[in-house]
Amino acid sequence: MELFDNHKTLYSTALGLFLILTLGVAILPAISNEQNNAPLPDAPALSEDAVKGKALFIANGCVACHTQQVRNVEMDKIWGERPGIAADYADDHRTDLLRNTATLMGTERTGPDLTNVGKRQPSRDWQLVHLFNPRTVVEQSIMPAYTWLFDIKDSVQEGDVVVNVPEAFLASPHQKVVASREALQLVAYLQSLKQVKLPDEKSPLFLYKREKPADNNGGAPATLNGAELYANNCQSCHQPNGEGLKGAFPPLKGSKIVLNDDPELMVDIIMNGYSGRVQEGFGEMPAVGTLNKLSAGEIAAIMNHERSSWGNNSRKVTEEEVKTIMDKVKK
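Cut-off values and rules
- Residues numbered from 1 in each chain as written.
- Predicted model: local features only at pLDDT ≥ 70, side-chain atom pairs only at ≥ 80, totals over all residues.
- Heavy atoms only, no water.
- UniProt positions renumbered as here; feature names shortened; annotations may be inferred.
- Helix = DSSP H or I, 4+ residues; strand = E, 2+ residues; numbered from the N terminus.
- Buried < 20%, exposed > 50% of the residue type's maximum accessible area, 1.4 Å probe, protein only.
- Arc of directions from axis to C-beta.
- Contact = heavy atoms within 4.5 Å.
- Polar contact = N/O pair within 3.5 Å; in protein donor to acceptor, adjacent residues only side chain to side chain.
- Domains from an automatic or database assignment.
- Buried area = accessible area lost by both parts, 1.4 Å probe.
- Nonpolar A, V, L, I, M, F, W, Y, C, P; charged D, E, K, R; others polar.
- Pairing = 2+ DSSP bridges.
- Axes fitted to C-alpha atoms, helices over the stretch in contact; angles between N-to-C directions.
- 1 Å grid on protein atoms, 1.4 Å probe; cavity = no way out; pocket = protein on both sides within 12 Å on 5 of 7 lines; lining within 4 Å.
- Points joined across faces, edges and corners; volume = space filled by probe spheres on them.

Trainee: Is there a simple way to explain the UniProt feature "transmembrane region" (unreviewed entry) in the chain in this structure?
Mentor: The positions that UniProt labels "transmembrane region" (unreviewed entry) are, in the present scheme, residues 12-31. When the span residues 12-31 is considered, its composition is 100% helix and 0% strand, and the gap between its end C-alpha atoms is 26 Å.

Laid out in structure tokens, this is it:
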């Protein structure tokens, strides 16, 4: 065949086919994506520190264990308020001239999804102590400690950001852990990860809803386990013993809010969060009840667990009581 006998014709044909395939497979779909998937109107731009923190997130291999994608399945509801859509990633750009956009959606969840971690856990204090040694806040954590992002000092200077690390995790009780600039930048990036509300308020649906288990009591719903719910929603800050972390997260043990006969304030804090003790050095509490979509029954179970475990208030808070308060304090 003449095509194979003439090298100029052969190479020209091969080049032409390559260009046509590149146009059809890469360039035209990319243009279509840009036209059809603009960034969401309320999506904020990353701050300078957050941009540098994103580079540190990539450099330290965080994407190997953490995803940033909320799938449209019921089990992913704990990670975001809605399933992810293409527009959530439309504002990602090339890292630089030689490197393409870093894909941070991830493929494996050895650790939790981080799509909405800026809302789920906004406290800088929690993020810093967790980076220094995850076992300080989650005893069973298998995440490595990023100690190289911190400096150990015997005395602090003006401007140092001191991390409230429990003495059990320090070589000496006199040591002070100070966050480096890189640690603060990485936390700034984590705090920026917040799901943006859709402009038309019509979110994609979560599929494959899980049925609530039933016990043998005439088919009635199974009794909620307050201790388990506390472990899943509260324990990483307030600790298994309810004593919190000194200088970072206040104790629930003996708390007047926990033991108060009127549960309204406590339900309000669970549903709407609390930052009233930030000036005392404590971290900001997120709106756990709203973010984790806790039901009135689940909140009542958590409150009763706390009241019976770390106080002498034996009065049980009822689901109906909590439901009434939730409607009252809803924002």
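So that's the structure; there's more coming.
Trainee: I tried to follow helix α7 (residues 226-233) on my own but got confused; where do I start?
Mentor: In an α-helix, one turn spans 3.6 residues; hence positions three or four apart end up facing the same way. Taken residue by residue, α7 has G226, L229, Y230 and N233 as its buried positions. When α7 is viewed along its axis, its buried side chains cluster within an angular range of 100° and face the same direction. For α7, the elements touching its buried residues are α8 (235-238), α11 (288-291) and α12 (296-309). The opening residue of α7, the one whose side-chain oxygen lies 3.1 Å from the backbone nitrogen of A227, is N225.

Trainee: Honestly, the domain arrangement of the chain in this entry has me stumped. Any pointers?
Mentor: Accessible area lost during the coming together of the parts is what is often quoted as the interface size. By the assigned domains, the chain splits into domain 1 (48-192) and domain 2 (226-329). A separation of 25 Å is found between the C-alpha centroids of domain 1 and domain 2. With 17 residues of domain 1 at the contact, the number on the domain 2 side is 17 residues. When the two sides are added together, the surface that domain 1 and domain 2 hide from each other amounts to roughly 1300 Å², 57% of it contributed by carbon and sulfur. Our enumeration of links across domain 1 and domain 2 arrives at 3 residue pairs in polar contact (both at pLDDT 80 or more). The class makeup of the residues in the side of domain 1 that touches domain 2 is 6 nonpolar, 6 polar and 5 charged.

Trainee: Looking at this structure, I do not really get the sheet that holds strand β1 (residues 150-153). What am I missing?
Mentor: Think of a sheet as strands paired side by side through backbone hydrogen bonds, with each pair either parallel or antiparallel. Spatially, the 3 strands line up as an open sheet ordered β1-β3-β2, and their pairing is antiparallel. Both outer strands of the open sheet, β1 and β2 (162-163), are each paired with one neighbouring strand and no more. Alignment of β1 against strand β3 (residues 176-179), held across 4 bridges, turns out to be antiparallel. Note that in β3 the partner of K153 across the bridge is K176. Sheet strands touched by helix α5 (residues 124-132): β1, β2 and β3. Its angle to β1, the strand with the most contacts, is close to 85°.

Trainee: How should I be thinking about the UniProt feature "domain: Cytochrome c" (unreviewed entry) in the chain in this particular structure?
Mentor: Using the residue numbers shown here, the UniProt feature "domain: Cytochrome c" (unreviewed entry) corresponds to residues 48-194 and 221-331. Here residues 48-194 runs as 25% helix and 7% strand, with 17 Å between its end C-alpha atoms.

Trainee: I would appreciate a short explanation of empty space enclosed by the protein in the present structure.
Mentor: Which parts of space are left empty comes out when a probe the size of a water molecule is rolled across the atoms. Counted by the stated rule, this structure contains 1 cavity of 30 Å³ or more. When its volume is computed, the largest cavity comes out at roughly 40 Å³. If you trace the largest cavity, you find it lined by D125, L128, V129, V162, V163, N164 and A248. Elements that contribute at least two residues to the lining of the largest cavity include exactly α5 and β2.

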